[in-house]
Amino acid sequence: MRTLRAAAAAGAAVLLTAAAATAAPSPPPPPRPSISDDAVDKAVARLDQTVADMMRRTGVPGVSVAVVHDDEVVHLKGFGLRRTGETAKVDPDTVFQVASLSKPISSTVVAGTLTSPDEWDRHTTLPGFSLKDPWVTGHFSTADLFSHRSGLPDHAGDLLEDLGYDQSYILDHLRLEPLSPFRASYAYTNFGFTAAAEAVARAKGINWQKLAADTLFKPAGMTHTSTEFSAFVNSPDHAATHVKNPDGAWSPRFVRDPDAQAPAGGVSSTARDMSRWLRLQLAGGTLDGKRIIPADTLARTHLPEIVSQQPTAPTGRTGFYGLGWNVSYDDAGRLRLSHSGAFDLGANTNVTMLPMEKLGIVVLTNGAPVGLADAVALDFFDFAEHGKATADWLGLAGGIYAQLEEEGRSSTDYAHPPASAKPAQDSGAYPGTYDNPYYGKLTVRADGKGALTLALGPKPLLFPLTHYDGDTFSFETAGENAVGRTGVTFADGTVRVEYLDTTHLGTFTEQ
């Protein structure tokens, strides 16, 4: 947390700067860098080929792109197929799941409910929601939760969602998560973000979908945008989610229902609707001459709230997170706002804006993240600013996603037991019901042949267990946050599930 001394020093610095400004005339500012209309036109002209080339390199089935410049939509186009194996093509009105691109959309919604920027700092209250530290519970604000600085661990609650728990259960159980220092640490948390948005909606006496529709979607003419999964899946022109198979082909094997985290990841929209939102963002909250979102509450969402990425070299840049936005500054000192969205079950999106240039791009795809959405945006701005691509952005972005895909995987190769593996006990030693205050009930059953099955979650989900070594077994994880095979270890009336234990909450006790 900021100390009083630090706050005083910051205030003194501001006062000294102001005093210096009034004591002597300041020199004229240097010429403002700008991207010319001609440069934008050239970047737009090559955009179709860029998308086609990246689709060919990755195999991603469908893409939709919108570019806005000086309050005009200068590019709006769909590419490829809505669903592999069918002929329906993507167009600007095809509905995509935008995943975490929902966050800056949701921060726009909340900005539209506030009367001053200071209201972002108002204490957030939501029935049934608390954090482990009562003091933090009594002090966190909407801004704290929207900027991921509450102290909750990275992606807290996401594994509960994978197991099938609903929003109410997940938000209630975040009180068990260990906390890092409040307002001094950054960790990306979908359900902390969701709790704050839901609190704003409930304070208005309505649900989140109605608040979003009444505040933003309807006034902005975003006629095919929703925060409800049913609206997406029931749209006749929607892009199915795809994953890449081991043979390299893409197929729509999974369905991702993000209703539990709707404000953080549940928005679905079209390139045409997103172009209207881009225009509103770049025009400070107005659209077609009509004020929709207050300029000052919207501008607050564009400010850094917490350091999200430390520089890795003396010449490296610091990354920040604002209110639903990644915030950075380019070599020319210009504010750059961006956010990516990624569902490992089949969607990847990106929005990037240079507000000073009134230039923005949104890229929607119906394939699991392999870097295409981010690379199209990076390549577009690179060409607009420099007249050329200065890097293989698809290679770089794809490499980052591949690295993220490996995070969380066990260091143990459970598919290949050691040569010296000890035998398991008789299968009757393991069945039973085990309980956990965070993850709920776990049940182990044996069939007539002694094969073990583990059951988790409210439905429950069933996982066949494979013996590894002694009292350790494994199963193949499933869901958005799957990490391959994970270990299950029985010991003294307990069961520890390895991938559920990242914050030491994954041990179940026999009942």
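Residues numbered from 1 in each chain as written. Predicted model: local features only at pLDDT ≥ 70, side-chain atom pairs only at ≥ 80, totals over all residues. Heavy atoms only, no water.

**Student:** Account for the overall build of the protein chain, naming residues and giving values.
**Tutor:** Scanning the protein chain from terminus to terminus reveals 16 helices and 23 strands. By its C-alpha atoms, the protein chain is 85 × 60 × 50 Å across when sized along the principal axes. Burial status across the protein chain gives 50% buried among its 511 residues. Excluding contacts between residues fewer than 6 apart, the proportion of contacts in the protein chain whose partners are at least 24 apart in sequence is 62%. (Helix = DSSP H or I, 4+ residues; strand = E, 2+ residues; numbered from the N terminus. Buried < 20%, exposed > 50% of the residue type's maximum accessible area, 1.4 Å probe, protein only. Contact = heavy atoms within 4.5 Å.)

**Student:** Tell me about the pattern of salt bridges, and name the residues and values.
**Tutor:** Counted under the stated rule, the structure contains 30 salt bridges. We note a salt bridge from Glu 406 to Arg 409, for which the minimum N-O separation is 3.8 Å. Two residues, Glu 476 and Arg 485, come together in a salt bridge whose shortest N-O distance is 3.7 Å. For Arg 485, a relative accessible area of 27% corresponds to the partly exposed category. (Salt bridge = Lys/Arg side-chain N within 4 Å of Asp/Glu carboxyl O.)

**Student:** Go over unusual backbone geometry, please, and point to the residues and values.
**Tutor:** Backbone geometry follows two general trends: most residues other than glycine have a negative phi, and most peptide bonds adopt the trans configuration. A cis geometry characterises the amide bond from Lys 459 onward to Pro 460, with omega recorded as -5°. Mapped onto the elements, Pro 460 comes out in the loop between strand 17 (452–456) and strand 18 (461–464). Even without being glycine, His 148 reaches a positive phi, approximately 65°. Tracing the backbone shows His 148 in the loop between helix 6 (142–146) and helix 7 (158–162). Although it is not a glycine, Asp 492 adopts a positive phi angle of roughly 50°. Topologically, Asp 492 is positioned in the loop between strand 21 (485–491) and strand 22 (494–497). Judged by its relative accessible area of 83%, Asp 492 is exposed.

**Student:** Describe in detail helix 2 (residues 37–45), supporting the description with residues and values.
**Tutor:** For helix 2, the full list of buried residues reads Ala 39, Val 40, Ala 43 and Val 44. In a view along the axis of helix 2, the buried residues occupy a sector of 135°, so they form one face of it. Contacts made by the buried residues of helix 2 are with helix 3 (47–58), strand 1 (62–69), strand 2 (72–80), strand 14 (359–365) and helix 15 (372–386). (Arc of directions from axis to C-beta.)

**Student:** Please provide a residue-by-residue account of the packing of helix 2 against helix 15, values included.
**Tutor:** The N-to-C vectors of helix 2 and helix 15 enclose an angle of 145°; their axes lie 8 Å apart at closest approach. In this structure, helix 2 meets helix 15 at a crossing whose hand is right-handed. Contact residues: Ala 39, Lys 42, Ala 43 and Val 44 in helix 2; Phe 380, Phe 383 and Ala 384 in helix 15. Of the residues contributing to the contact of helix 2 with helix 15, the split by class is 6 nonpolar, no polar and 1 charged. (Axes fitted to C-alpha atoms, helices over the stretch in contact; angles between N-to-C directions. Left-handed = near helix turned anticlockwise from the far one by under 90°. Nonpolar A, V, L, I, M, F, W, Y, C, P; charged D, E, K, R; others polar.)

**Student:** Residue-level account of the sheet that holds strand 1, with values.
**Tutor:** Either a parallel or an antiparallel arrangement is found when strands of a sheet pair, and the pairing is made through backbone hydrogen bonds. Across the sheet, 8 strands lie side by side as 2-1-14-13-12-11-10-9; this open sheet has antiparallel pairing. Every interior strand has two partners, whereas the edge strands, strand 2 and strand 9 (306–309), have only one. If you compare each strand with its neighbour and ignore which way they point, the axes differ by 20° on average. Pairing geometry for strand 11 (residues 326–329) and strand 12 (residues 335–343), over 4 bridges, is antiparallel. Looking across to strand 12, one finds that Ser 328 is bridged to Arg 336. (Pairing = 2+ DSSP bridges.)

From the geometry alone we can't say anything about function, so treat these as descriptive.
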